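The lines below spell out each chain.
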Amino acid sequence: MNKKWLNYAGLVLVAVIWGANFGISRLAMESFHPIVFSFLRFGVAIPFFFLILKLTEGSVGVPWRLVPKLMLIGLLGITLLEITVMYSIKYTTLANASLLNVAPWPIFVALFAPLFTRETITSRLVVGGVIAMIGVCFVILGGDEGFALSSDNMLGNAMAFGVSIIGALFNLSSVSLMKQYSALRVSTWTIVFGAIFMLPLTIGSWGQTDWQSLGTEQWLSIAYNVLICTVLAFVVWNACMFKVGATRSNFFRYAVPAAAVIAGYILFDERIAMLQIGGAALMAAGLVWISVERKKA
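Residues numbered from 1 in each chain as written. Predicted model: local features only at pLDDT ≥ 70, side-chain atom pairs only at ≥ 80, totals over all residues. Heavy atoms only, no water.

Describing the overall build of the protein
Okay, step 1: Each helix and strand in the protein was counted, giving 13 helices and 0 strands.
Okay, step 2: Overall, the protein shows an N-to-C arrangement of helices and strands of α-α-α-α-α-α-α-α-α-α-α-α-α.
Okay, step 3: Expected size for 297 residues packed as a compact globule is a radius of gyration near 19 Å; at 19 Å, the protein falls within 12% of this value.
Okay, step 4: The contacts of the protein with a sequence gap of at least 6 include a subset with a gap of at least 24, amounting to 92%.
Okay, step 5: Of the roughly 14,200 Å² that the protein leaves accessible, carbon and sulfur atoms contribute 70%.
Okay, step 6: Charge-centre separation for the protein: the mean point of 19 positive side chains lies 21 Å from the mean point of 12 negative side chains. (Helix = DSSP H or I, 4+ residues; strand = E, 2+ residues; numbered from the N terminus. Rg over C-alpha atoms; globule rule 2.2 N^0.38 Å. Contact = heavy atoms within 4.5 Å. Areas by Shrake-Rupley, 256 points an atom, 1.4 Å probe, with all protein chains shown as cover. Lys, Arg positive; Asp, Glu negative; His and termini not counted. Charge placed at Lys NZ, Arg CZ, Asp CG, Glu CD.)

Comments concerning a nonpolar patch on the surface
Okay, step 1: The grouping of Ile 121, Val 126, Val 130, Ile 134, Phe 138, Leu 275 and Leu 282 at the surface amounts to a nonpolar patch, some 530 Å² of accessible area in total.
Okay, step 2: Elements with a minimum of two residues in the nonpolar patch: α7 (123-141) and α13 (274-291).
Okay, step 3: Relative to the helices and strands, Leu 282 is located in helix α13.
Okay, step 4: Leu 282 gets classed as partly exposed once you look at its relative accessible area, which sits at 31%. (Patch = residues over 30% accessible without salt bridge, like charges linked within 9 Å, V, L, I, M, F, W, Y side chains within 5 Å. Salt bridge = Lys/Arg side-chain N within 4 Å of Asp/Glu carboxyl O. Buried < 20%, exposed > 50% of the residue type's maximum accessible area, 1.4 Å probe, protein only.)

Here we look at the packing of aromatic side chains
Okay, step 1: With the rule as written, the count across this model stands at 14 aromatic pairs.
Okay, step 2: Pairing Tyr 8 with Phe 252 gives two aromatic rings, centres 5.4 Å apart and planes at 25°, and the pair type is stacked. On the criterion of sequence distance, the pair formed by Tyr 8 in helix α1 (residues 3-28) and Phe 252 in the loop between α11 (246-250) and α12 (255-268) is long-range, its members being 244 residues apart.
Okay, step 3: Centroid distance Trp 206 to Trp 211: 6.0 Å. Interplanar angle 20°. Geometry classified as stacked.
Okay, step 4: One aromatic cluster in this structure is built from Phe 32, Phe 37, Phe 39, Trp 206 and Trp 211.
Okay, step 5: Positioned above the aromatic ring of Trp 105, the side-chain terminus of Arg 253 is 3.8 Å from the ring centre. (Phe/Tyr/Trp six-rings, centres within 6.5 Å; stacked < 30°, edge-to-face > 60°. Lys NZ or Arg CZ within 6 Å of the ring centre and 35° of its normal.)

Description of the packing of helix α8 (residues 154-177) against helix α10 (residues 216-244)
Okay, step 1: In contact at an axis separation of 10 Å, α8 and α10 are set at 70° when each is read in the N-to-C sense. The orientation of α8 with respect to α10, classified from their angle, is roughly perpendicular. On α10, the residues that touch Phe 170, Asn 171 and Val 175 of α8 are Phe 234, Trp 237, Met 241 and Phe 242.
Okay, step 2: In terms of residue class, the contact of α8 with α10 is built from 6 nonpolar, 1 polar and no charged. (Axes fitted to C-alpha atoms, helices over the stretch in contact; angles between N-to-C directions. Parallel < 35°, antiparallel > 145°, perpendicular 65-115°, else oblique. Nonpolar A, V, L, I, M, F, W, Y, C, P; charged D, E, K, R; others polar.)

Section: the environment of Ala 183
Okay, step 1: In this structure, Ala 183 sits in helix α9 (residues 183-198).
Okay, step 2: As for Ala 183 and Val 292, which are separated by 109 residues in sequence, their C-alpha atoms are 24 Å apart.
Okay, step 3: Ala 183 has contacts with Met 178, Val 235, Asn 238 and Ala 239, leaving out every residue within four places of it along the chain.

Details of the packing of helix α2 (residues 34-43) against helix α3 (residues 45-57)
Packed helices, taken two at a time, are described by the angle between their axes plus the distance between the axes.
Okay, step 1: Closest axis-to-axis distance for the α2/α3 pair is 5 Å, and the angle between their directions is 15°. On the basis of their axis angle, the class for α2 and α3 is roughly parallel. Note on element contacts: α3 touches α2 through Ala 45, Ile 46 and Pro 47, opposite Leu 40, Arg 41, Phe 42 and Gly 43.
Okay, step 2: Tallied by class, residues from the contact of α2 with α3 come to 5 nonpolar, 1 polar and 1 charged.

Looking at α13
Okay, step 1: With 18 residues, α13 extends 26 Å between its outermost C-alpha atoms, agreeing within 8% with the 26 Å of an ideal straight helix rising 1.5 Å per residue.
Okay, step 2: Residues of α13 that are buried: Gln 276, Gly 279, Met 283, Gly 286, Leu 287, Ile 290 and Ser 291. End-on, the buried residues of α13 take up no more than an arc of 135°, which puts them together on one face. Every exposed residue of α13 that faces more than 90 degrees away from the buried side is listed here: Met 274 and Val 288. (Expected span 1.5 Å × (residues − 1). Arc of directions from axis to C-beta.)

See the structure below:
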């Protein structure tokens, strides 16, 4: 397998990891306050990032001139993004949040890309992206909830749509830094500043968790979020995104809802509809169509 397909495989792997985390986090939310859980995910991951960075690159620091930009990216892409995702789910249905979080994200990346990179939009990318987007809509809308247009969901819908904009800017700003620094170094310091900004928001929430009653299941969910969903996933995604390109790689986020549906089936015995199976196949076809495009010399 050449490096091109390793990069695409890495993107799919991370999408599956993030999709499975919907089910794992849902289980954890029964015991943890959401903001505390989010802070633990990133805060506990920091020592692991520094250790890996030291062992692989020999140093952990960044130039002081880079700190303001990393602080802004951390605030935008970790603190603000994670909190917006959490409250979008609170104020709208899971189907609405999933659709509005995921579907527009790659489109905004494509629209904003000229501001950060020199990536080009090809006809194959457009066709494959549209096919994959239709597929992911079938996956999400094929569930029991469907898409709800109630006025009660408008705030959550707006926040979920905002996630796509925030996430696109986060990805593109990270890619611009990876032209000078490794994906690991950028990921490390982005998460450091994101966790620092998130910490004050946890004040008053720690006491809402009964720490003594936490069992193996809850601690395993923390371990999965820290080691797999954050340390492994962020480094692999950023490294592969830099190689493949932000626009192309973000269409692979469409695999997240499909993985979430499978996780729901395994963990909560949720039904999988034929429309969702067809949507997953359509989404996979679109991603394969994107992947086989050859770069022009």
